[in-house]
Amino acid sequence: THIDLKKLLTSIDGKGYPAYKALKGDYDFGNYTLFFDRVQSDPFASPSKIRISVSHKDSEFPEDIINSDYKKTVLSDFLTRAFEDAVYKFSGDRNGSGNSGIIRIDHCGQEVLERTSVIINDNNTEIRMEAGLPANGRRISGKAAIHIFFDVLPKIINTAGFYKNISRDFLDSQIKLKLDQEYLRKELKKRKLTAFIANGSVLPRESGISDKPLAKNAVLFNSPESLETEFELPNAGLIKGMGIPEGITLIVGGGYHGKSTLLNAIESSVYNHKINDGREMVITRDDAVKIRAEDGRNIEMVNITPFINNLPNNKDTYRFSTENASGSTSQAANVMEALEAGSRLLLIDEDTSATNFMIRDDRMKKLVSREKEPITPFVDKVRQLYEEHGVSSIIVAGGSGDYFKTADHVIMMDEYIPKDVTEEAKAIVSDELPDIEEDEKDKNTAFGEITARVPLKSCFELNGKNTKIKSKEKNSILYGRNEIDLSNLEQLVSDSQTRCLAAMLEYLAKNGFDDKTNLSDTLDKLYDKIKSQGLYCLSGTRNFSGKLALPRKYELSAAINRYRELKIKKY
Ligand code: ADP
Ligand code: MG
């Protein structure tokens, strides 16, 4: 019980730090239990992993919340944020060496993600935190530890862990929001829409490094009449905004008029945003993938023939491999890999695209003949992609009218307000001469094959000295000695997702790949397992981590595709 803990801390006061190891175990505090899952080995090492368990009987969270998966995700997110606030409020005075006295819980950003920081089980709530066990130099400071576990932590738990002490209206409004968001995302599919942006949404962000809403002078979103769509939400009632239909949508407009801001809002709204984010009623189909150029990346046996053929030196583009992709080949591979993983909605911004992948103008066609140009630009394939494979595209292009002909809808951003200019754009191209004959042929050819690949198990095995797989902040994973660069995955939104990717890779390396199942099916299996057993079914060294957040299948597949040792079974 807690009396044992107090005795123990008193008895090891002043001893060498390793004596803290005796803490491992659990201590009953009456209305909660405190677990020490992993005890740090010195004051400078990463803080110890602790866990608090509160039975539902004691916490008194209502039945109808803890019985629903949707609501559990919201409650978990809500409690994580509540705990973070409480930690901030109560754990001010901290002294001693190294990480002495640190208390923390995972940080949540603007998105509501499935996390391991707070896990709602059938009978209890588990809160996973980190605590820096206090020391003076390398001597245990038992008194400071008693202060943390008998004074500070109880205050934190009391404030954030029990239904009677939390803001129920606030929790309730978040649950309602989540239900509306999920309803909208389902409705999108039924109505053949790719994304919805509610009128009144605030799309711009505070700055390039802050994802919070722009507070001053933000122009609220307002749909053009022709694209205005309404929904009757289960909780918020009638809502109106711009529905972007399936097909090919072009976003145009002058520089600095808000094109990228709109696309960024769409790409990040594959996740639900928290209340007061400004984008909480921006909803995008969850299979949307942002596509960009990424020169320098590694590509392993990707079939990029729909876009690229006849490279110099007869380089194979049916099984295209390179350690140093160009802008256009990297963008082609990014498209094909997204399709392979199952995406049926591509988001492309001219700002981050390779021009020669996107378009080729008439003058260039006259100068460089078709046989000398390996690239069939995206503009000549985007229609087939939709008609043959059901893949929609939303494309930002302010610098060229090449997409006017093929686009179903053209939206112009005009001082941050969208206008439907489809008719004007179509009128401009209607009296143009047909394209060069050769080109017409291109436009009528099929998109081509989306090839599923089978990764080889052996390339994921780690031998020798360095067999760890660990994440480094948001944008990188160290796979043994290999760094996987994730900095171009714009829809990866949290360090905790990257940590989770590392855990998933570790799991897949051991139990996932079998030299038979293709990449997409292998990942689906893992996601099914997580769905039925919870995120922390990922075994290994991260067993007690409260700092994992679930990434999407597309980011996991992207991480695997960027692993420079990746090997694919010959096809
Ligand atoms: P574009 O891609 O058309 O060149 P951006 O989307 O990059 O333009 O936007 C340019 C600037 O305008 C950015 O600083 C952005 O934050 C700001 N901005 C975008 N939309 C709005 C808006 N609705 N209200 C106020 N500022 C906005
Ligand atoms: Mg832009």
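Each chain has its residues counted from 1, following the order in which its sequence is written. Both sets of labels track the order of writing: A upward for chains, 1 upward for ligands. Local features in this predicted model are restricted to residues whose pLDDT is 70 or higher, and side-chain atom pairs enter the listing and the counts only when it is 80 or higher, whereas totals over whole chains, interfaces and linings include all residues. The side-chain figures draw on all heavy atoms in the structure; neither hydrogens nor water molecules are used.

On to the overall build of the protein chain, then. Only DSSP runs of H or I reaching four residues or more are called helices, and only runs of E reaching two or more are called strands; each is numbered from the N terminus. The secondary structure content of the protein chain amounts to 16 helices and 27 strands. The C-alpha atoms of the protein chain give 27 Å as radius of gyration, which agrees with the globular expectation for 571 residues (25 Å, within 12%). Projecting the C-alpha coordinates of the protein chain onto the three principal axes gives extents of approximately 90 × 60 × 35 Å. Burial status follows relative accessibility: with a 1.4 Å probe on protein chains alone, a residue under 20% of its type maximum counts as buried, one over 50% as exposed, and anything between as partly exposed. When burial is assessed residue by residue, the protein chain has 56% of its 571 residues classed as buried. Long-range pairs, those at least 24 residues apart, make up 72% of the contacts in the protein chain between residues at least 6 apart in sequence. The atom set for the radius of gyration is the C-alpha atoms, and the globule formula is 2.2 Å times the number of residues raised to the power 0.38. A contact between two residues is defined here by any heavy atoms of the two lying within 4.5 Å.

Turning next to the sheet that holds strand β27 (residues 482–485). The antiparallel open sheet is built from three strands, whose spatial order is β25-β26-β27. Strand pairing shows two members of the sheet lacking a second neighbour, β25 (469–472) and β27, which therefore form its edges. Each neighbouring strand pair of the sheet contributes to a mean axis angle of 25°, computed without reference to strand direction. Any two strands with at least two DSSP bridges between them are considered paired. As judged from the four bridges shared by β25 and strand β26 (residues 476–479), these two strands associate in the antiparallel manner. Bridge pairing links S471 to I477 in β26. Helix axes use the C-alpha atoms of the stretch in contact, all axes being lines fitted to C-alpha atoms, and the angles between their N-to-C directions lie in the range 0 to 180 degrees.

Okay, the coordination of the magnesium ion (ligand 2) next. Atoms are scored as donors when they are N, O or S and lie within 2.8 Å of the metal, with 3.2 Å used for Na, K and Ca; no water is included, so coordination may look incomplete. Binding of the magnesium ion (ligand 2) to the protein goes through S260 (OG) and D351 (OD), at separations of 2.1 to 2.2 Å. One end of the pair, S260, is in helix α7 (residues 259–268); the other, D351, is in the loop between β21 (345–349) and α9 (355–358), with 91 residues separating them in the sequence.

Looking now at helix α8 (residues 327–340). Taking 1.5 Å as the rise per residue, α8 with 14 residues should run 20 Å; its terminal C-alpha atoms sit 20 Å apart, in good agreement. Burial of α8 is extensive: 14 of the 14 residues sit out of reach of the surface. Backbone geometry just downstream of α8 places G342 in the positive-phi region, at approximately 110°. By this rule the span expected of a helix is its residue count minus one, scaled by 1.5 Å.

Stacked, tilted and edge-to-face are the three classes applied to pairs of Phe, Tyr and Trp rings, where Trp contributes its six-membered ring and a pair requires centres within 6.5 Å; stacked means planes under 30 degrees apart, edge-to-face means over 60, and tilted covers the rest. Evaluation of the coordinates by the stated rule reveals 17 aromatic pairs. With a centroid separation of 5.4 Å and an interplanar angle of 80°, the aromatic rings of Y318 and Y571 are classed as edge-to-face. Of this pair, Y318 sits in the loop between β19 (299–302) and β20 (320–322) while Y571 is found in the segment after α16 (553–561), placing the two residues 253 residues apart along the sequence. Since its relative accessible area comes to 22%, Y571 is described here as partly exposed. Here the aromatic residues F307, F357, F378 and F447 are joined through ring pairs into a cluster of three or more. A ring is scored as having a charge over it whenever the NZ atom of a lysine or the CZ atom of an arginine sits within 6 Å of its centre and within 35 degrees of its normal. Positioned above the aromatic ring of F150, the side-chain terminus of K6 is 4.8 Å from the ring centre. Note that R319 overlies the ring of Y571, its terminal NZ or CZ placed 5.6 Å from the centroid.

To continue, consider the site of ligand 1. Here, proximity means that at least one heavy atom of the residue falls within 4 Å of the molecule or strand. Taken together, 14 residues sit near ligand 1, with V219, Y256, K259, S260 and T261 positioned nearest. In the analysis that follows, any N or O atom pair within 3.5 Å is treated as a polar contact, provided that within protein one partner can donate a hydrogen and the other can accept it, and provided that, for residues neighboring in sequence, both atoms belong to side chains. Between ligand 1 and V219 there is a distance of 2.8 Å, counted from a nitrogen atom to a backbone nitrogen or oxygen. For ligand 1, an oxygen atom lies 3.1 Å from a polar atom in the side chain of Y416. Values of accessible area rely on a 1.4 Å probe in the Shrake-Rupley scheme; residue burial ignores everything except the protein chains shown. Protein contacts shield 78% of the accessible area of ligand 1, which totals 560 Å² for the unbound molecule. Only Asp, Glu, Lys and Arg are considered charged, only Ala, Val, Leu, Ile, Met, Phe, Trp, Tyr, Cys and Pro nonpolar, and every remaining residue, Gly among them, polar. Class assignment for the residues of the shell around ligand 1 results in six nonpolar, seven polar and one charged.

Right, let's get into α16. Among the nine residues that make up α16, nine are buried, leaving the element largely enclosed by the rest of the structure. All buried positions along α16 are accounted for by K553, Y554, E555, L556, S557, A558, A559, I560 and N561. Tucked into the core, α16 has its buried residues touching β18 (288–291), α8, β27, α14 (495–512) and α15 (519–533).

So, about the pairing of strand β3 (residues 48–55). The element β3 is largely enclosed, with a buried count of seven among its eight residues. Relative to β3, strand β2 (residues 33–38) is paired through five bridges, and the arrangement is antiparallel. Across the sheet, R38 pairs through a bridge with K49, a residue of β3. Pairing geometry for β3 and strand β7 (residues 124–131), over eight bridges, is antiparallel. Within the sheet, the bridge partner assigned to S55 lies in β7 and is N124.

What follows is about the sheet that holds strand β15 (residues 248–252). The six strands are arranged β18-β21-β22-β15-β23-β24 in an open sheet whose pairing can be described as mixed. Only two strands of the sheet have a single neighbouring strand rather than two, namely β18 and β24 (417–420). Ignoring strand direction, the axes of neighbouring strands in this sheet form an average angle of 20°. Across five bridges, the pairing between β21 and strand β22 (residues 392–396) is parallel. Directly across from L346, in β22, lies its bridge partner S393. Sheet contacts for α8: β18 and β21; angle to β18, the most-contacted strand, approximately 170°. Against the sheet, helix α11 (residues 382–389) makes contact with β15, β21 and β22, and its axis sits at roughly 155° relative to β22, the strand it touches most.

This part covers a nonpolar patch on the surface. Patch construction takes residues with relative accessible area above 30% that form no salt bridge. Like charges are linked within 9 Å, and nonpolar side chains (Val, Leu, Ile, Met, Phe, Trp, Tyr) are linked within 5 Å. Each salt bridge in this description consists of a side-chain nitrogen of Lys or Arg and a carboxyl oxygen of Asp or Glu lying within 4 Å of one another. Side chains of V219, Y256 and Y416 sit close together on the surface and give an oily, nonpolar patch of about 350 Å² of accessible area. Relative to the helices and strands, V219 is located in the loop between β12 (210–213) and β13 (228–233).

Quick look at the domain arrangement of the protein chain now. For the purposes of this description, domain bounds are those given by an automatic or database domain assignment. Each domain of the protein chain was delimited in the assignment, giving domain 1 (2–166), domain 2 (288–444) and domain 3 (457–561). Computed from C-alpha coordinates alone, the two centres of domain 2 and domain 3 are separated by 30 Å. Counting residues at the interface gives 14 residues for domain 2, matched by 10 residues for domain 3. The buried area of a pairing is the accessible area, by a 1.4 Å probe, that goes missing from both parts when the two are put together, added over both. Of the roughly 1100 Å² buried at the junction of domain 2 and domain 3 (both faces included), carbon and sulfur atoms supply 41%. Linking domain 2 to domain 3 there are two salt bridges. We note a salt bridge from R292 to E490, for which the minimum N-O separation is 3.2 Å. Where domain 2 packs against domain 3, one counts eight residue pairs in polar contact (both at pLDDT 80 or more).

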